Amino acid sequence: MLFNSFHFLIFFVIVTSLYFAVPYNKRWLLLLISSCYFYMAFVPIYILILGFTIVIDYFAGIYIENAEGRRRKLFLIFSLIANIGVLAVFKYYNFLNHNFSFLLHGFGLTNPILYLSILLPIGLSFHTFQAMSYTIEVYRGNQKAERHFGIYSLYVMFYPQLVAGPIERPQNLLHQFREKHDFDYDRVTSGLRLMAWGLFKKVVIADRLAIVVDSVYNNPQQHNSLSLVIATVFFSFQIFCDFSGYSDMAIGAARIMGFKLMTNFNKPYQSKSIHEFWKRWHISLSSWFKDYLYISIGGNRVTIPRWYLNLFIVFLISGLWHGANWTFVIWGALHGFYLVFSLITKDFRKKINKMFFLDKILFLPALTTFGLVAFAWIFFRADNVYTAIYISKHIFTGIPEIINKLVAHQSVFEYVGVEKSDLVLSVLLILFLEIVHYVQSKKSISEILTQQPTYIRWAVYYGLVLAIVFWGVYENRQFIYFQF
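Residues numbered from 1 in each chain as written. Predicted model: local features only at pLDDT ≥ 70, side-chain atom pairs only at ≥ 80, totals over all residues. Heavy atoms only, no water.

### Points about the pattern of salt bridges
Let me state the cut-off plainly: Salt bridges are counted wherever a side-chain nitrogen of Lys or Arg sits within 4 Å of a carboxyl oxygen of Asp or Glu. Secondary structure follows DSSP: runs of H or I at least 4 residues long count as helices, runs of E at least 2 residues long count as strands, and numbering of each begins at the N terminus. Working definition: with a 1.4 Å probe on protein chains only, accessible area under 20% of the residue-type maximum means buried, over 50% means exposed, and in between means partly exposed.
In this structure the tally under the stated criterion is nine salt bridges. Between R169 and D291 there is a salt bridge; the shortest N-O distance is 3.5 Å. Residue R169 is located in the loop between α6 (149-157) and α7 (170-173), and its partner D291 is located in helix α11 (residues 283-294); the two are separated by 122 residues in the primary sequence. A residue is classified by how much of its surface remains accessible, and D291, at 26% relative accessible area, is partly exposed.

Okay, structure coming up:
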């Protein structure tokens, strides 16, 4: 059930209305049943997989809390193996098997292991990581084991953030299912505004940019450097609007019912460094890796070379988390390289910037960071490594030809999947998005709206709705991060 579908609209209205109508002590049951229905709307049988890990982790949490010494760690390991095992089978089995076949082929051997014809369950990586955070926190003594099986199941299956996050921690979310949330007009309108803004980012900006991105990236050999640059920049904003749009709708839907989910994005393309970018982009995942992987392998409490290696390992695994494809691994490796390289050259770059007065160009750090992030997105979006290498090579080598054509007053624009008027609209939408982000960096848009007269607020609301209706692209495009 996609957030940008009529099916979800009906589902959301019914579930939210019932939530405030049913007795307080039955709300958890309503949400659990609704979340099961929401998940089964994709592939019904896969709810059994979710149920398997829920049962394992529920009992593991209790056993971990009651056990002492090595037995506590054994119960944790059992839980982690169960979760990672499910993820490995459904997401990585064929990928590993394919690479094993390639390795054997180099020795003239045939791989006897069969491939599996299975679909990846929607959002498997997200709810697996959320479940793992629970048992880890119980093991660390930061969270009491949940004795109510229904409440724990709801923690893993809460429909707003079930398939694409934010990846919550038990300390933040579990206790909220026991709290009574009364209907609050201001909170409800705030949640609806956020959902509308998220839907606008998805269907008006992301899905419109996707037309150009798909056209160019599906046939890169038919396009020149300018088209490749446009498509790469467009994808940078497409994936942001697509994923942050989902997060906004998830956070907004939860907020309406009184639940507070963590912020997942914070104007990432305003970042002035790769380190800052990862504090602003997919915050729930980057903080998860920091809390449960980076710190566990030593973090920065080691020698400097080992520290650099730890950072690189985290980004490699982050890339693999995103997908069972070498393109994602390379994408993660690029970000790991960016971060380590920036640390190694920090003092040198400061001297160069000061020597050539580059530190006086205020927009340069953000522009450089965006360029590096956009280049890495090539590998994230490309279907395979060959295509990614072709694009990353020709996006630069064709620039001299573009310049020569401009000098000769020749046309450099090629058809990229949309008419020029739609291309201009896409650029204007990106500019509008960044203007909104600039205003938000000064003051909350929501706060600004609440301070305005009623007729201005409603004019903005109607304008947003009309933009969604008339400018939205309605092709039931799945959210990009649903595949993870």
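Further notes follow.
### Some words on unusual backbone geometry
Residue P166 follows G165 across a cis peptide bond; omega there is 5°. Mapped onto the secondary structure, P166 falls in the loop between α6 and α7. Despite not being glycine, K267 shows a phi value in the positive range, around 45°. Within the element layout of this structure, K267 appears in the loop between α9 (225-257) and α10 (274-280). Although it is not a glycine, H282 adopts a positive phi angle of roughly 40°. Secondary-structure assignment places H282 in the loop between α10 and α11. Taking the relative accessible area as the measure of exposure, H282 reaches 1% and is therefore buried.

### A few points about the layout of surface pockets
Just so we agree on the cut-off: A pocket, in this scheme, is an open set of points on a 1 Å grid over the protein atoms alone with protein on both sides within 12 Å along at least 5 of 7 lines, while a cavity is a set where a 1.4 Å probe fits but cannot get out; residues line either one if an atom lies within 4 Å of a point. Grid points are joined across faces, edges and corners, and a volume is the space filled by probe spheres set on the points. Note that Gly is not counted as nonpolar here; it falls among the polar residues with everything else outside the nonpolar set of Ala, Val, Leu, Ile, Met, Phe, Trp, Tyr, Cys and Pro and the charged set of Asp, Glu, Lys and Arg.
Of the pockets and cavities examined, the largest pocket occupies roughly 1,500 Å³. Along its surface, the largest pocket is lined by 39 residues, and S273, I274, H275, L339 and S342 are the ones closest to its centre. Of all the secondary structure elements, the ones that give two or more residues to the lining of the largest pocket are α10, α11, α12 (304-322), α13 (326-344), α14 (346-355) and α15 (364-381). Sort the elements by how many residues they give to the lining of the largest pocket and α11 lands first, with seven residues. For the lining of the largest pocket, a count of residues per class yields 21 nonpolar, ten polar and eight charged.

### Structural notes on the packing of α9 against helix α16 (residues 385-397)
Axes are the key here: two packed helices are described by the angle between their axes and the distance separating the axes. Just so we agree on the cut-off: Only the contacting stretch of a helix is used when fitting its axis, a line to C-alpha atoms as for every element, and angles between N-to-C directions run 0 to 180 degrees. What sets the label is the angle itself: under 35 degrees gives roughly parallel, over 145 gives roughly antiparallel, 65 to 115 gives roughly perpendicular, and the rest give oblique. Handedness of a crossing follows from how the near helix is turned relative to the far one, being left-handed for an anticlockwise turn of less than a right angle and right-handed for a clockwise one. Whether two residues touch is decided by their heavy atoms; if any such pair falls within 4.5 Å, the residues are in contact.
Two elements in contact, α9 and α16, have axes whose closest approach is 8 Å; the angle formed by their N-to-C orientations is 120°. Regarding the angle of α9 to α16, the classification is oblique. In this structure, the crossing between α9 and α16 has a hand that is left-handed. Across from S225, L228, V229 and T232 in α9, the residues of α16 making contact are I391, H394, I395, F396 and T397.

### Notes on the packing of helix α2 (residues 27-40) against α6
Interhelical geometry of α2 versus α6 gives an angle of 45° and a closest axis separation of 9 Å. In terms of orientation, α2 and α6 fall into the oblique class. Between α2 and α6 the crossing geometry is left-handed. Here α2 contributes W28, L31, L32, S35 and C36 to the contact with α6, which in turn contributes G150, I151, S153, L154 and M157. Looking at side-chain class alone, the contact of α2 with α6 contains seven nonpolar, three polar and no charged residues.

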